[in-house]
Amino acid sequence: MGLSAAFFDLDKTVIAKSSALAFGRPFYRDGLISRRDVVKSAYAQLMFRLGGGGDEQAMARTRDYLAALCKGWKVEQVQQIVAETLNDLINPYVYAEAAALIAEHQAAGRDVVLVSASGDEMVRPIGALLGITDIIATRMAIVDGRYSGEVEFYSAGPAKVVGVRKLAAERGYDLTDCFAYSDSSSDLPLLESVGHPSAVNPDRALRRVALERSWPVLEFRNPVPLGRRLRDRPAVPVAAAALGVGVGVAIGFALYGRHRRLRATVS
C-alpha cells in the first residue's frame with residue numbers, strides 16, 4: 001500500500017476505445033444482447049460523450065438503461081466472455097504512454113487505481129492485464145448468480161469522487177498528494193478532487209478547463225499490445241509524457257510500427 005495514489009479513468013485515457021462497447025460483439029454472439037441493443041448502446045455512448053457526460057439526467061438515463069439491459073444475465077457467463085476475449089479486444093488498444101506512466105507511478109511507490117463507469121466484471125480483468133489490483137467501477141446487484149436489474153454503485157461523474165474519497169479514507173491518502181487522469185469533462189469532479197490533475201486526450205470542454213487552470217494536457221496516441229513492449233525499458237518521466245515525447249513514447253511508436261509492418265507482410 002502506497003502513501004498516495006494515481007487515479008486513472010479507463011476509456012480513451014488508458015485504452016483507445018470504450019471498454020463497454022468493446023465487448024458488444026461477443027455479448028451479441030452469445031445471445032446476451034440483440035443487434036438493436038448494439039446500435040442503441042453505441043448511440044447512447046456517443047451522445048453521452050458528445051454531451052460531456054456531466055449532465056445528471058443523462059447519467060441517470062445511462063445507468064437505468066444499463067441496469068435494464070443486463071437484467072437476468074448470468075454473472076459467470078459475462079466473466080467468461082470477458083476472460084476469453086480480453087486479449088483480442090483490449091490488449092492491442094492499451095496506450096503505450098499510459099502503460100509507461102502507470103509504471104512510473106508504481107515505481108515511485110504510489111498505488112494505481114482504475115476508476116471507470118464500466119462494470120466491475122470488465123474493469124477488474126483489464127486492471128489485472130495492466131498489473132493494477134485497485135478498481136473503482138460500476139457494481140450491479142446480483143441475486144442467485146444473475147444481475148437483478150439494480151445498480152449498487154454507478155461509477156460516473158461525482159460518484160467517482162465518492163469512491164475515491166472512500167478509498168483514500170481507508171488507505172490514509174492525502175488527496176492533495178494524489179494524481180488523476182481523464183479525457184472527459186464528466187470527470188471534472190474527479191480531477192478537482194486531487195492535487196495533481198491531468199487531462200489526457202481531452203474533449204473540448206475539458207481542454208478549455210485544463211488550459212484555464214494550467215493543468216498538464218497529455219496526448220496519448222500509440223496503442224501497443226502489452227506483450228510487444230520492451231519490459232525492461234526505463235520509465236517515462238511525467239514531464240516528458242506531458243510533452244508527448246520521451247523514451248516510452250518512442251519505443252511504443254517503434255513497436256507499433258513494427259507490429260503493423262509484420263502484419264502487412266503476413267497478409
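Here is what the cut-offs are and how they apply
- The numbering scheme is per chain: residues are counted from 1 as the chain's sequence reads.
- Owing to the predicted nature of the model, reporting of local features is limited to residues with pLDDT of at least 70; listing and counting of side-chain atom pairs is limited to 80 or more, with chain, interface and lining totals taken over all residues.
- To get the side-chain values, all heavy atoms of the structure are used, and hydrogens and water are removed first.
- Segments assigned H or I by DSSP are reported as helices when at least four residues long, segments assigned E as strands when at least two residues long, and all are numbered from the N terminus.
- In the analysis that follows, any N or O atom pair within 3.5 Å is treated as a polar contact, provided that within protein one partner can donate a hydrogen and the other can accept it, and provided that, for residues neighboring in sequence, both atoms belong to side chains.
- Buried, partly exposed and exposed residues are distinguished by accessible area as a fraction of the type maximum, computed with a 1.4 Å probe on protein chains only: under 20%, between the cut-offs, and over 50%, respectively.
- Whether two strands pair comes down to DSSP finding at least two bridges between them.
- Any Phe, Tyr or Trp ring, taking Trp's six-membered ring, that has another such ring centre within 6.5 Å forms a pair; planes under 30 degrees apart are called stacked, those over 60 apart edge-to-face, and the others tilted.
- Working rule: Lys NZ or Arg CZ, within 6 Å of ring centre, within 35 degrees of ring normal, means a charge sits over the ring.

(A) Representation of the side chain of Asn222 in the model. Mapped onto the fold, Asn222 is located in the loop between strand S7 (217-218) and helix H11 (238-243). A polar contact of 2.9 Å, which involves the side chain of Asn222, links it to the side chain of Glu97.

(B) Fine view of unusual backbone geometry. Phi angles above zero are rare outside glycine, and Lys12 is one such case at about 65°. With respect to the helices and strands, Lys12 occurs in the loop between strand S1 (5-9) and helix H1 (19-22). A residue is classified by how much of its surface remains accessible, and Lys12, at 28% relative accessible area, is partly exposed. Here the phi dihedral of Asn201 falls at roughly 45°; this positive angle occurs in a residue that is not glycine. As for its placement among the helices and strands, Asn201 is situated in the loop between strand S6 (196-200) and helix H10 (204-212).

(C) Examining the sheet that holds S1 more closely. Strand order in the open sheet formed by 7 strands is S4-S3-S2-S1-S5-S6-S7, with mixed pairing between adjacent strands. Here the strands that pair on one side only, and so sit at the sheet edges, are strand S4 (146-153) and S7. With 4 bridges connecting them, strand S5 (residues 179-182) and S6 associate as parallel partners. Looking at the pairing, Tyr181 lines up with Ser198 of S6.

(D) A look at the packing of aromatic side chains. Overall, the coordinates contain 5 aromatic pairs when judged by the stated rule. Where Phe8 meets Tyr181, the ring centres are 4.5 Å apart and the plane angle is 20°; that geometry is what we call stacked. Taken together, the positions of Phe8 in strand S1 and Tyr181 in strand S5 put the pair 173 residues apart, joining distant regions of the chain. The same class applies to Phe8 and to Tyr181, which are both buried. In this structure, Lys17 is placed above the aromatic ring of Tyr93, and the distance from its NZ or CZ to the ring centre is 4.0 Å.

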